[in-house]
Amino acid sequence: MSSERTPTAPDTTGPRPRRLTYAAVLAALEGLALVVGGIWMLVLGVTGEPDDRRQAVTGGVTLIVLALLPLVAARGLLGRRGWSRGPAVITQIMALPVAYTLLKADSTAIPAGIVLAVVAVTALVLLLNPETTRALGIRGPGNTGK
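All values derive from a computational prediction rather than experimental measurement.

**Observations regarding the overall build of the chain**
Secondary structure summary: the chain contains 6 helices and 0 strands in total. Its helices and strands in sequence order give the chain the pattern α-α-α-α-α-α, from N to C terminus. Looking at the 146 residues of the chain, the share that counts as buried comes to 30%. A fraction of 69% describes how many contacts in the chain between residues 6 or more apart in sequence connect residues 24 or more apart. For the chain, the computed accessible surface area is about 9,500 Å², with 67% contributed by carbon and sulfur atoms.

**Quick look at a nonpolar patch on the surface**
Where nonpolar side chains cluster on the molecular surface, the patch consists of Val61, Val65, Leu68, Val72 and Trp83 and spans about 480 Å² of accessible area. Checked against the element boundaries, valine 61 lands in helix α2 (residues 53-66).

**Considering the side chain of glutamate 30**
On the secondary structure map, glutamate 30 appears in helix α1 (residues 18-47). In this structure, glutamate 30 is buried with no salt-bridge partner, the nearest side chain bearing the opposite charge being arginine 85 at 14 Å. Residue contacts for glutamate 30: discarding those within four places in its chain leaves Pro70, Thr91, Gln92, Ala95, Leu116, Val119 and Ala120.

**Observations regarding helix α3 (residues 68-78)**
All of the buried residues along α3 are Pro70, Ala73, Ala74, Gly76 and Leu77. Axial view of α3: buried residues confined to an arc of 165 degrees, hence all on one face.

**Quick notes on helix α4 (residues 85-104)**
With 20 residues, α4 extends 29 Å from end C-alpha to end C-alpha; this agrees with the ideal 28 Å at 1.5 Å per step. Residues Arg85, Pro87, Ala88, Val89, Thr91, Gln92, Ala95 and Ala99 constitute the buried set of α4. Those residues of α4 that are buried are in contact with α1, α3, α5 (109-127) and α6 (130-136).

**A few points about the environment of arginine 53**
On the secondary structure map, arginine 53 appears in helix α2. Taking the C-alpha atoms as reference, arginine 53 lies 9.1 Å from leucine 42; in sequence the two are 11 residues apart. Beyond its immediate sequence surroundings of up to four residues, arginine 53 is in contact with Gly45, Val46, Thr47 and Gly48.

**A short note on the pattern of salt bridges**
Following the criterion strictly, the structure yields 1 salt bridge and no others. Among the salt bridges present, the one from arginine 19 reaches glutamate 131, with a minimum N-O distance of 2.3 Å. With a gap of 112 residues between them, arginine 19 in helix α1 and glutamate 131 in helix α6 connect regions that are remote in the sequence. On the accessibility criterion, arginine 19 (35% relative accessible area) is partly exposed. With a relative accessible area of 28%, glutamate 131 lands in the partly exposed category.

**Here's the deal with the nonpolar core**
Leu20, Ala23, Leu77, Ala88 and Leu127 are the most contacted members of the largest nonpolar core, which totals 14 residues. Of all elements in the fold, only α1, α3, α4, α5 and α6 reach the threshold of two or more residues within this core.

**Details of the confidence of the model for the chain**
Averaged over all residues, the pLDDT of the chain is 88; the fraction at 70 or higher stands at 88%. Mean pLDDT across the elements of the chain bottoms out in α6 (91) and peaks in α3 (96).

**Here's the deal with the side chain of threonine 133**
Within the element layout of this structure, threonine 133 appears in helix α6. Dropping the residues within four chain positions of it, threonine 133 is found in contact with Arg85, Leu127, Leu128 and Ile138.

**A word on unusual backbone geometry**
Residue arginine 80 is not a glycine yet carries a positive backbone phi of 55 degrees. Within the fold, arginine 80 resides in the loop between α3 and α4.

Criteria and cut-off values
- Residues numbered from 1 in each chain as written.
- Predicted model: local features only at pLDDT ≥ 70, side-chain atom pairs only at ≥ 80, totals over all residues.
- Heavy atoms only, no water.
- Helix = DSSP H or I, 4+ residues; strand = E, 2+ residues; numbered from the N terminus.
- Buried < 20%, exposed > 50% of the residue type's maximum accessible area, 1.4 Å probe, protein only.
- Contact = heavy atoms within 4.5 Å.
- Areas by Shrake-Rupley, 256 points an atom, 1.4 Å probe, with all protein chains shown as cover.
- Patch = residues over 30% accessible without salt bridge, like charges linked within 9 Å, V, L, I, M, F, W, Y side chains within 5 Å.
- Salt bridge = Lys/Arg side-chain N within 4 Å of Asp/Glu carboxyl O.
- Lys, Arg positive; Asp, Glu negative; His and termini not counted.
- Arc of directions from axis to C-beta.
- Expected span 1.5 Å × (residues − 1).
- Core = buried A, V, L, I, M, F, W, Y, C linked by side-chain atoms within 4.5 Å.
- pLDDT = per-residue confidence, 0-100.

This is the structure in structure tokens:
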């Protein structure tokens with residue numbers, strides 16, 4: 001007898017649950033938004049007159065690199081890979097403080113904060129849904145699947 005736990009295979013029979021697809025789409029949209037923001041910062045840093053050109057370029061590159069997390073997670077979710085839920089959840093948890101900061105601003109950033117908060121909470125609900133968990137082959141603690 002072995003006490004080693006083996007992961008269950010994802011339930012790939014039948015169509016992909018809509019919740020899983022919606023969660024993947026939201027993660028992909030967040031990733032694309034980060035890429036667009038990063039490119040915008042890079043362009044402004046190179047062609048414009050920012051306060052600190054090096055800071056603008058570094059910020060743009062950072063946003064583009066950070067975009068990899070939700071984009072890879074979205075691809076994994078669409079492929080029903082169990083590992084992909086972790087990066088997707090981390091992305092949503094990281095988005096919540098950013099949304100809060102945008103909501104506290106006295107500017108046009110408030111609508112962006114509202115949208116980001118709604119997307120992050122919606123994606124978390126979709127990712128933690130039991131149907132999504134089953135589709136990804138994730139078992140809860142103590143659930144041996146026997």
